[in-house]
Structure formats: structure tokens, C-alpha cells
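The chain contents come next:
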Amino acid sequence: MPTTVADVTLRLAFSPCPNDTFVFHALVHGLVPDAPPITVRYADVDVTNSAAERGEFDLVKVSFAALPWLLPDYHLLPCGGALGRGCGPLLLTGAAGGTADGGTAGQGRWAAGDLTGATVAVPGERTTAYLLFRLWSASRPPARIEVVPFHEIMPGVAAGRYDAGLVIHEARFTYQRYGLTALVDLGAWWESDTGLPIPLGAILARRGVVDPAQAASWVRESVRLAWADPGASRDYVLAHAQEMEPDVVDRHIGLYVNEFTADLGTDGYAAVTALLDRAAAQGLTPPTAGLLVPPPDDQLLRR
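Let us look at the structure shown here. (Residues numbered from 1 in each chain as written. Predicted model: local features only at pLDDT ≥ 70, side-chain atom pairs only at ≥ 80, totals over all residues. Heavy atoms only, no water.)

1. Some remarks on the pairing of strand β10 (residues 181-185)
Working note: regular strand, side chains alternate between the two faces of the sheet. Counting buried positions along β10 gives four out of five residues, so the element sits mostly inside the fold. Judged from the four bridges that link them, strand β6 (residues 90-93) and β10 form a sheet pairing that is antiparallel. Bridge pairing links Leu-91 to Val-184 in β10. (Buried < 20%, exposed > 50% of the residue type's maximum accessible area, 1.4 Å probe, protein only. Helix = DSSP H or I, 4+ residues; strand = E, 2+ residues; numbered from the N terminus. Pairing = 2+ DSSP bridges.)

Structure (C-alpha cells):
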């Protein structure tokens, strides 16, 4: 039976990125009433995607792109994740090729998004960034793909080890420092093509271990407390921000912690469904039919 009492320690995993530490500060530090004790693992999403598949966590932040492999064993929670507008992955290059929306104005080698013969560094095979890239590039000549730890992508592109790199999160604010150019904003492409927000990261609760209604209430209260007193989590967030400047931390939180963090809502579920249905239709992921459904009568969304 799922856990229903607060005397069992739960295993939680999320990234050290500011949006995650901001959201989970109260839950991790025992500030959420009736929530159980928590043990935390901080890891990049490519690590949590794989570890969740092995059943290592009770609550875990993963890529929406990994859900087809995880939903048989986990519930998708309607809160705590990362969705939004204007916050999608960027495909960067060291050459002045193309425009930020994938147009043809650029005169560089990779202008108009033609990556024929290019080596592209990506942050993980089951990341949403890479899935969006695959959907965007489906009608284009294939590129060579290398999976690279996120923090190595921009330096690697700048040094010429990779022709292009797929980046997420705070890289939106810092890539110019490396002399890089945004060849395409995959989030802008997705929003233009679908009219929906960009589904990036999801919070999952393990089936048979954690009651999803309880877990949603804990996470939602942690979000509420974070917004009620942003200063309370400041030291914790900065301690895990991997030498990120405070202004970048603030912009990061402001972009990725938004109304969808409190509730996926109708648009959020529509975005996730559209992403995974398109991926399954192209044979990129297993189908999720019958697994990706909102809670009955939007019960959790309206609590």
C-alpha cells in the first residue's frame, strides 16, 4: 500500500539547479506539515532519469521525455515540475549560423538548421531537450550525436570539440559569454508549432510506495512556502547553484518556477500529451496510452 504516514523516510532526487532547490527547500528541511522525513540526492536530470527506471527513488524529478519508460511504475504529480513559455532548450553553435528561431538570415556553416555532418553535444538521450531536437530535426539530414555532461557542452562547443550543443536552464542567460550563437530556440519552435507551453521536467511518485494525493499536497505546500518567503531558501539555493551568479540564480527561478509549478492545469497536461503523442507517432518513444491521465475530476489540480 502507498505510504500514508509521516514516519517513513522517503527518497527524493532532484537537480541542484536553483528552480529545484527553491521549490523543494521547505520539504527537504521539514517545514511542510505532515510530510515525512526526506533523504535527498542531487543529480543532473540525465542521472535521475536512469536511476528512476531502476526504482532508486520514491519522489523524483525527471525529464518529461523519460515518462514513457517510467509511468508504469510512477504517478505523474500535477505540481512541482518545470514547464513554461520562453524557457526552452537552445541549440548553440560557435559559428554565426542561423537565427534564434531557426530562420535563414545567418551566413554561417549551419545556417537554416542544416546540421549535415555536424557533431551535436546533447545532455542525455532521454532528456526533453533531446526529444524536442529530434522532433524539430525529423525532416532534416541527421547529425552525429554525443551525450555530454551538461556543464561540458558550452565549453566544448566554444573549444571546437563539438559543432553544436543543446543546452538548457541557466545557459539561456550565459551562452554569449562563451562566444556562442543560438542557432535555434527549440522552445520558441515548439510554442509556435503547438501554441502550448514547453514541458521540461516532471515530478513523479512511485506507485505502491507513495500516495500521489499526499505527495502532491506536500510538493504544492513546499512551492507555496517558497513563494511566501523567498529569502528563507536563499542560502540553500546558492550553496547548490554551482558558482552561478546571484542575478542568474534569480532569473533562473523567475523563469522556471511559475504557475505550472503550482498546477499543471489543462494547458500543462495538453503540452505533455502533445509531446509524448508526437514522439510515439514518430517511433521515438513507447506509447503512453492509458498511463498519462490527469487525476480523476481534476481532484489534485483544484485542491
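2. Brief notes about the nonpolar core
Nonpolar side chains tend to gather and get buried jointly when the protein is soluble and globular. Counting 67 residues, the largest nonpolar core has Phe-64, Leu-67, Leu-76, Leu-91, Phe-133 and Leu-204 as the members making the most contacts within it. Core analysis: the second largest hydrophobic core is formed by 33 residues, Val-32, Leu-77, Ala-215 and Ala-226 among them. (Core = buried A, V, L, I, M, F, W, Y, C linked by side-chain atoms within 4.5 Å.)

3. Comments concerning the layout of surface pockets
In this model, the largest pocket occupies a volume close to 430 Å³. As for the largest pocket, its lining consists of 32 residues, of which Asp-44, Val-45, Asp-46, Ile-168 and His-169 are closest to the centre. Broken down by secondary-structure element, the contributors of at least two residues to the lining of the largest pocket are α2 (45-53), β3 (59-63), α4 (128-136) and β11 (198-206). Top contributing element to the lining of the largest pocket by residue count: α2, with four residues. Considered class by class, the residues forming the lining of the largest pocket number 18 nonpolar, nine polar and five charged. Lining the second largest pocket are 13 residues, with Met-154, Glu-170, Thr-174, Tyr-178 and Gln-242 sitting closest to its centre. (1 Å grid on protein atoms, 1.4 Å probe; cavity = no way out; pocket = protein on both sides within 12 Å on 5 of 7 lines; lining within 4 Å. Points joined across faces, edges and corners; volume = space filled by probe spheres on them. Nonpolar A, V, L, I, M, F, W, Y, C, P; charged D, E, K, R; others polar.)

4. A few points about the sheet that holds strand β9 (residues 164-167)
Spatially, five strands are ordered β8-β7-β9-β6-β10 in an open sheet, and the strand pairing comes out mixed. Single-partner strands in this sheet number two, and they are β8 (144-147) and β10. Here the strands of the sheet are splayed against their neighbours by 25° on average, with no regard to which way each runs. Inspection of the sheet shows strand β7 (residues 119-122) paired to β8 by four bridges, in the parallel sense. Residue Ala-121 lies in a different strand from β8, and its bridge partner there is Glu-146. The sheet contacts of helix α7 (residues 186-194) involve β9 and β10, and relative to β10 the element is tilted by about 25°. (Axes fitted to C-alpha atoms, helices over the stretch in contact; angles between N-to-C directions. Contact = heavy atoms within 4.5 Å.)

In short, the description is geometric, and any link to function would need to be established separately.
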